[in-house]
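Notes for the structure review
Residues per chain are reported as follows:
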Amino acid sequence: MTTKKDYSVPALEKAIMILNEISETGELSITEMHQRLQIPKSTTFVILSTLEKHHLIEKCAEGKFRLGPAVLHLGAAFARQTDIRAVARPHMELLVQGTPFTAHLATLVGNQPVYIDKAEGDGFVRFATTIGQSLPLHASGVGKALAIGMSDEEIANAVESKLEPLTGKSYRTIEEVLEDIRMARKLGYAVEDEQMEEGIRCIGAPICNASGKVAASVSITALAKDLPVFKLQQIGERVKQTADSISRDLGYAPDPHSTQENG
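Right, let's walk through the structure included here.

Parameters and conventions
- Residues numbered from 1 in each chain as written.
- Predicted model: local features only at pLDDT ≥ 70, side-chain atom pairs only at ≥ 80, totals over all residues.
- Heavy atoms only, no water.
- Helix = DSSP H or I, 4+ residues; strand = E, 2+ residues; numbered from the N terminus.
- Buried < 20%, exposed > 50% of the residue type's maximum accessible area, 1.4 Å probe, protein only.
- Contact = heavy atoms within 4.5 Å.
- Areas by Shrake-Rupley, 256 points an atom, 1.4 Å probe, with all protein chains shown as cover.
- Lys, Arg positive; Asp, Glu negative; His and termini not counted.
- Charge placed at Lys NZ, Arg CZ, Asp CG, Glu CD.
- Expected span 1.5 Å × (residues − 1).
- Arc of directions from axis to C-beta.
- Patch = residues over 30% accessible without salt bridge, like charges linked within 9 Å, V, L, I, M, F, W, Y side chains within 5 Å.
- Salt bridge = Lys/Arg side-chain N within 4 Å of Asp/Glu carboxyl O.

When helices and strands are counted, the chain shows nine helices and seven strands. Counting only C-alpha atoms and orienting by the principal axes, one finds that the chain spans roughly 70 × 55 × 30 Å. Of all 263 residues assigned to the chain, the portion counted as buried reaches 42%. Within the chain, residue pairs in contact and separated by at least 24 positions form 56% of the contacts whose partners lie at least 6 positions apart. Total accessible area on the chain is roughly 14,700 Å²; 54% of this is exposed by carbon and sulfur atoms. Each charge class in the chain can be summarised by its mean position, and for the 28 positive and 34 negative side chains these summaries are 6 Å apart.

Here's what the structure looks like:
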């Protein structure tokens, strides 16, 4: 039995440590890097000179260093190469495998969620949803999940003129919509309980991109009888975990000290 060797380049390891530390703090001096990372000042100086030469960092007016434009170039290249549908698809299929649910992936176009992908479960019923279909922000699982990343003011402006009731459970006021989204921020997922169509329930969760912005949402759609109220929390957590997995694959690294509730 052979043991896999742990190949490592010490100078490169230190350079990555420095870049990570600058990305977390914003700006750092050579002394601060030395104190935080326990890298000798002479070594830190050489690494910084190399990173600056390649525009991965740049010197500020106060003599501190911050990330440079080359980092943005690399991030943009990663974003171009990452198709959210290709990333999300296997997660969506796994989410609905062995269930009567249908998974949807959506993104905002203007202030309206639009389906960009769909994965069917094993149920007999097939929902007549289509790629490119737009939905109400405040009355759909994917829409509410996308609204988690919006401020209360943005949500109010988006739905102010669109509160005509679709079912007996539809919201009539802006405050009802906002209270629902505030709860969704706390839970990490949103529930649509027959507010768009009677007999249909949806649960959606937000997907974040590498910059931490809500870029899309994933949801499951089900007949109300297949998604009873007592299962909402259990299935909601599964949808949230799926969204979190997609977010990680898109490069999102959540701040362990941050919370969902904001705006």
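With a phi close to 55 degrees, Gln 38 is a non-glycine residue in the positive phi region. By secondary structure assignment, the location of Gln 38 is in the loop between α2 (30-37) and α3 (41-53). A positive phi is found at His 55, a non-glycine position, where the angle reads about 65 degrees. Secondary-structure assignment places His 55 in the loop between α3 and β1 (57-59).

The next subject is the side chain of His 138. Looking at the secondary structure, you find His 138 in the loop between β4 (112-120) and α6 (141-147). Excluding its chain neighbours within four sequence positions, the residues that come into contact with His 138 are Lys 144, Val 159, Lys 162, Leu 163, Tyr 171, Val 177 and Gln 195.

With that out of the way, let us pick up helix α8 (residues 174-187). Since the α-helix advances by 3.6 residues per turn, residues separated by three or four positions end up pointing in the same direction. Counted at 1.5 Å a residue, the expected span for α8 with its 14 residues is 20 Å, and the 20 Å between its end C-alpha atoms agrees. For α8, the set of buried residues is Val 177, Leu 178, Asp 180, Ile 181, Ala 184 and Arg 185. In an axial view of α8, the angular spread of the buried residues amounts to 160 degrees, which keeps them on one side of the axis. As for α8, its buried residues are in contact with α6, α7 (152-159) and β5 (190-193). Within two residues after α8, Gly 188 carries a phi angle of roughly 90 degrees, on the positive side.

Below, the discussion takes up a nonpolar patch on the surface. The grouping of Val 9, Leu 12 and Ile 16 at the surface amounts to a nonpolar patch, some 260 Å² of accessible area in total. By the element assignment, Val 9 lies in the segment before α1 (10-25).

This part covers the pattern of salt bridges. Opposite charge on two side chains permits pairing when their charged atoms draw close. Under the definition given, this model contains 18 salt bridges. Between Arg 85 and Asp 83 there is a salt bridge whose closest N-O contact spans 3.6 Å. Given the relative accessible area of 34%, Asp 83 is considered partly exposed. Lys 169 is the salt-bridge partner of Glu 194, the closest N and O atoms lying 3.2 Å from each other. Taken together, the residues span a long stretch of sequence, with Glu 194 in the loop between β5 and β6 (200-208) and Lys 169 in the loop between α7 and α8 at a distance of 25 residues. Overall, the relative accessible area of 15% leaves Glu 194 in the buried class. In this structure, a network of salt bridges that share partners links the residues Asp 152, Glu 175, Glu 179, Arg 182 and Arg 185.

Keep in mind these numbers describe shape, not what the thing actually does.
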